[in-house]
Structures are given as C-alpha cells and as structure tokens.
Amino acid sequence: MESKYFESLYPVEARDQELEKIVGYIREGVSSQVVGLPGVGRSTILGLLAYNREIRLRHFPKYHGSIHFVMVNFSEVKTRPYPEVVKFLFLCLSNSLREREMPEEYEHVDTLFKEALNYNDELVISQGLKNAIEYLAVERKLTLVLLFDRFDEYIPQVSMEFFTLLRSLRDRAKYRFSVVFSLDRPLEETVEPSLVADFSDFISGHVIYLPLLDEPSSSFRLSYLEKLTAKTLSVEQKKEVLRLTAGHIRLLKVAAEAMLAEGTIPADIEAFLLSQKTVHGALMSIWKSLTPGDQVDLSKGEIHDHQGESYLQKVGLLEGDRITIPLFAKALADKLFQENEAKIVYDEAANIIKKGDLVLSDSLTKAEFRLLRYLLQHPQEIVDRETVISEVWQEAKTTLGVTEQAVDQLIFRLRHKIEEDPNNSRHLLTIKGRGIKFMP
C-alpha cells in the first residue's frame, strides 16, 4: 500500500536537491536532520526514501540493494517511556525486512526480537536490537538508515539513553548506519546538549531545510487532483493558486481541492480561499508551530535574530522581511490568527502544558517540561537553584555535576519557548541573588 502510494503520487524528480543532500550524509556514514514548517512534506521525503523504488534507484544507482531504510513513526510512541521506544524500534526494523521481502533476514531478526521480548528486560531488548543491527550491517553487508518521522513529537520525552543507544547501534554496525530525523526545528535548538552528547558528532550541523516549493511535486499534484476530480483549472488559476500558497504542499493541496470543488470559482480567489475551513486550518497549523517570539516578530514585521538567517528565513516563510506566502500574510494582516489572551496552565489529567489551544509541552524537552510544570504548580513563588536542580534532574544518580551554567541554559531555552519577547520576560522572572519566579 505505502509503496504504491509513494510511487503513484510523486514524480521521480520530487525533492531532488534535498534527497541528494540526505544521500550525501548517508554515504559519509553520518546522520542528518530534515527541518521544515508543518505541511511542507517532511514525512513525504522520508516516505520517498522508504517506499519509492524509482527514487532510490535514481539516488543510489550502484548501491540500491545494499541500503535498507526503516521507517519509524514517532507519533505512535510520543508519550511512551524509553524501554517501549526501544521495543518499537526493534519491531519497525523487523517489519521493514518483511515488507521488503527479505525472508532470511526477517526470520533472523524476528527470532532475535521474540527471544528478547520473552525476558521482558530493558537491557536484554537493547542487546537484542544491537545484535540485529550488527547481523544486518556486518554479516549481511547492509547500510541501515533509520527514518525518524515526526521525531519532534517525541522530543519532550527523549532521554540521554536514547542517543547513547543510537551511538551504540552505529558502533555495532561498523559505521554502516545513519539516522534521518524529521523535525520542525533543529535538535541543537530543541534538545539539551547534554542529552544528545553521545551522538552529537554524527548529527550536529547536518541540517536540510525544506523549501516551500518543489516544482515537480506541485505540478504533479495539481495534475493528479484534476484527474481525480475530472475537472480542470485554467492556466491563470493554477498560476494564482501557486502564487497565493507559494507552493506550500499542504496549502496548495487544500486550496486546489477547494477550487476544483467549486462550481464557479470567484474572481477574488484570495478571499475565496481564506473563507475555506481547510485552508484556514493549514494556515493555523503553520502559525501554531511558531514560538511566541516568532509570532511577535511576524506580527510586528520585525526580525530579532540578526546572526545570519533567522529560523523563519531558513524554513522559507520569510525572504528578507517579506512573508513569502501571500495567504499567510493576508491572514496575519486580517488578524485571523489572533486569540484572546490566554494563561499558561498545566493540565494534570493529560499531563500537558497549554496556552489557550496551543500545547506548549509538545515543543519542550523533558527538563524544560519538568521545570515549567513545577513553576506552574508554585506560581509567584521564588524558586532557588537547588530546587530547580532537584526537580529537573530528579532521575540522576547524583546532581553534584549539574552546573550553574546548565541551569542558566535551561532557563534561557524555556524563555525562548514561552515568552513573546525573551529579552523582556513577562512570565519567567529572575530575582537577583534568590532565584526565579513564574507569573502565569
């Protein structure tokens, strides 16, 4: 099913430049990060590698048969503890061999998996996964590429043990091993350096930003929708919908679907599209993915990050100081994203932190989540460093090595994720010589 989908809906030239960059990292034996706004096709680019044979042949003409891709959808384990995630990785590896019709390899890995599960022990399961990776890489001479789809959803739960495991898997594979992370922001901005330290040499800086427009995919998708609906758009209408969406994959899809479903398309296509719930939903998903600081920058037309390109420019939402998606710019100008002032609250039943409809905890690391949760449970109290350390690093065998710098960095990152202007905090206040205080 997946193979047919990815071979029928995407041309062989899809995401050519970005795929070639990923391939380059795989050939070097290192890992990479695919970063982009919601709806630009981060999941798609991983799916193309895993399921589109023609694209694999295009980018790996000599080594197609010796590279094995394993798709891992982290949205399925985003709230699961580390031992369950290890089991899930093992299961995905086993299933991928069956799907690719590699019976001998599948039988061997599946046996290792079932034997490890019988012990119901975290160390045994981890060791079984390492043995499976070593068997495939060393004995079967396969280069293993783990495709971590929607990994940003798992980041609030990620631990040091996870990245240590990845380092161990790479060592056991004798460097025939890569990981491709799908993220809305680079790991360097969302994960504490100490957590990713064991794997940082193989991932840091290897970031591939997905541009909004991929010409072959956009043209192919419009033609496919016309064929599916047995209706057509004029050349002028196609140009206009591409201009208004800047080629953003999800926006283009829902906008074209709305136009094709309409009997007579109004002359003012922009106003028509902004009145559509599906279009508004796609725009809102982009807006909600941004930090409060990004939202303020866009609303005021100001960019505060002057050290090279800002995040908004790297993901293609800004070109200089101009918003590249006309529909998004119009929605922002018409205040379609504006919501009532909302407090930051902790929902104990769901174990999430929200601000209005925005789930802040989705973008927090485990340490950031613990600190913010504690502060929300003790509003307007001055919290000293010792309390911060004991609450945040509660699983550590000892907190003697936790430095003041580590605490300061944690507070710094949290400010950038919850404050509209991190340089003028409204929520997370520093009380000189005493600690921090949270104003909800």
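Above this text sits the structure in question.
Values in this document were obtained by computation on a predicted structure and should not be read as measured data.

Criteria and cut-off values
Residues numbered from 1 in each chain as written. Predicted model: local features only at pLDDT ≥ 70, side-chain atom pairs only at ≥ 80, totals over all residues. Heavy atoms only, no water. Helix = DSSP H or I, 4+ residues; strand = E, 2+ residues; numbered from the N terminus. Rg over C-alpha atoms; globule rule 2.2 N^0.38 Å. Buried < 20%, exposed > 50% of the residue type's maximum accessible area, 1.4 Å probe, protein only. Contact = heavy atoms within 4.5 Å. Pairing = 2+ DSSP bridges. Axes fitted to C-alpha atoms, helices over the stretch in contact; angles between N-to-C directions. Parallel < 35°, antiparallel > 145°, perpendicular 65-115°, else oblique. Left-handed = near helix turned anticlockwise from the far one by under 90°. Core = buried A, V, L, I, M, F, W, Y, C linked by side-chain atoms within 4.5 Å. Salt bridge = Lys/Arg side-chain N within 4 Å of Asp/Glu carboxyl O. Expected span 1.5 Å × (residues − 1). Arc of directions from axis to C-beta.

**Q** Please provide a residue-by-residue account of the overall build of the protein chain, values included.
**A** Helix and strand content of the protein chain: 21 helices and 13 strands. Taking 440 residues into account, the globule formula puts the C-alpha radius of gyration at 22 Å, and the protein chain, at 23 Å, falls close to it. Seen through its principal axes, the protein chain has C-alpha atoms that stretch 70 × 60 × 40 Å. Buried residues in the protein chain amount to 51% of all 440 residues. If you take every contact in the protein chain between residues at least 6 apart in sequence, the share linking residues at least 24 apart comes to 69%.

**Q** Can you tell me about the sheet that holds strand E11 (residues 382–383), naming the residues and giving the values?
**A** Taking strand neighbours across the sheet as the criterion, the three strands line up as E11-E13-E12 in an open arrangement whose pairing is antiparallel. The sheet terminates laterally at E11 and strand E12 (428–431), the two strands that pair on one side only. Judged from the four bridges that link them, E12 and strand E13 (residues 435–438) form a sheet pairing that is antiparallel. Residue pairing in the sheet places Ile431 in a bridge with Gly435 of E13.

**Q** Can you explain the packing of helix H5 (residues 82–99) against helix H7 (residues 122–139)? Please cite residues and give values.
**A** Contact geometry for H5 and H7: axes closest at 10 Å, N-to-C directions at 30 degrees. The orientation of H5 relative to H7 falls into the category roughly parallel. The chirality of how H5 crosses H7 is left-handed. Contacts from Tyr82, Pro83, Val86, Lys87, Leu89, Phe90, Leu93 and Leu97 in H5 reach Glu122, Ile125, Ser126, Gly128, Leu129, Ala132, Ile133 and Leu136 in H7.

**Q** Explain the nonpolar core residue by residue, including any values.
**A** Judged by nonpolar contacts, the single largest core of 119 residues is most densely connected at Phe151 and Phe162. With nine residues, H5 is the largest single contributor of residues to this core. Setting aside residues up to four positions removed in sequence, Phe151 forms contacts with Phe74, Val158, Phe162, Phe163, Phe181, Ser182, Leu183 and Leu187. One finds Ile353, Ala367, Phe369 and Leu410 within the second-largest nonpolar core, a separate group that totals 25 residues.

**Q** I'd like a description of the pattern of salt bridges, backed by residues and values.
**A** Going through the model one piece at a time under the given rule, you end up with 25 salt bridges. Among the salt bridges present, the one from Arg15 reaches Glu18, with a minimum N-O distance of 3.8 Å. Residue Arg15 is classed as buried on the basis of its relative accessible area of 4%.

**Q** Just give me the short version of helix H11 (residues 215–229), but keep the residues and values in it.
**A** Here H11 spans 21 Å end to end across 15 residues, near enough to the 21 Å set by a 1.5 Å rise per residue. Listed in full, the buried residues belonging to H11 are Ser217, Ser218, Arg221, Leu222, Leu225 and Glu226. All buried residues of H11 fall inside an arc of 165 degrees around its axis, so they share one side. Downstream of H11 by a residue or two, Ala230 has a phi angle that is positive, lying close to 60 degrees.

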